[in-house]
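Given next are the chains, with one letter for each unit.
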Amino acid sequence: MQLTLEFGGGLELLCDSKKIHNVNVEIQNGEDKLTMKDLLSWVRTNLIKERPEMFMKGDTVRPGVLVLVNDCDWELSGQLNTSLEEKDVVVFISTLHGG
């Protein structure tokens, strides 16, 4: 499944300082759809190059990371259960900043 992933607010530093990633994520065997939970696992394994604890806590993103799926807050669409479709755009933005 072709997706566009965007990282901002400092999260791009965890992905070789690249903000936009056009990726192809395979749907797991036996599954008929790709969910945000599946995508986060894929991102942790394939994109995060250092300090994954700055991006994820357990199976989800850390508190303070805003997630948008096609410009809609994922909290309105089911969070980890949000179903993804071909060519969706998923944006991760850290709202935590040093002082």
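Please refer to the structure placed before this passage.
Residues numbered from 1 in each chain as written. Predicted model: local features only at pLDDT ≥ 70, side-chain atom pairs only at ≥ 80, totals over all residues. Heavy atoms only, no water.

### Here's the deal with the nonpolar core
For clarity, the cut-off: What is meant by a nonpolar core is a set of buried Ala, Val, Leu, Ile, Met, Phe, Trp, Tyr and Cys residues, joined one to another through side-chain atoms within 4.5 Å. Burial classes: relative accessible area under 20% of the type maximum marks a residue as buried, over 50% as exposed, and values in between as partly exposed (1.4 Å probe, protein chains only). Only DSSP runs of H or I reaching four residues or more are called helices, and only runs of E reaching two or more are called strands; each is numbered from the N terminus. Residues are treated as being in contact if the distance between any of their heavy atoms lies within 4.5 Å.
Ranked by internal contacts, the top residues of the largest apolar core, which has 26 residues, are Phe55 and Phe92. Secondary-structure elements contributing two or more residues to this core are strand 1 (2-8), helix 1 (36-46), strand 6 (65-69) and strand 9 (89-94). It is helix 1 that contributes the most residues to this core, four residues altogether. Dropping the residues within four chain positions of it, Phe55 is found in contact with Phe7, Leu11, Leu14, Leu40, Val43, Ile48, Thr60, Val61, Arg62, Val65 and Phe92.

### Regarding the pairing of strand 1
Heads up, the condition is: Pairing between strands is defined by DSSP: at least two bridges between them are needed.
For strand 1, the tally of buried residues reaches five of seven residues, placing the bulk of the element in the interior. For strand 1 and strand 2 (residues 20-24), the ladder comprises five bridges, and the chain directions are antiparallel. Among the inter-strand pairings, Leu5 is bridged to a residue of strand 2, identified as His21. Two elements, strand 1 and strand 9, share five bridges in a ladder whose sense is parallel. In the sheet register, Thr4 faces strand 9, and the bridge partner there is Val89.

### Some thoughts on helix 1
Here is the rule we go by: The arc in question is traced by the directions running from the helix axis to the C-beta atoms.
When we look at burial in helix 1, the residues that qualify are Met36, Leu39, Leu40 and Val43. Seen from one end, helix 1 has its buried residues packed into an arc of 100°, which puts them on one side.

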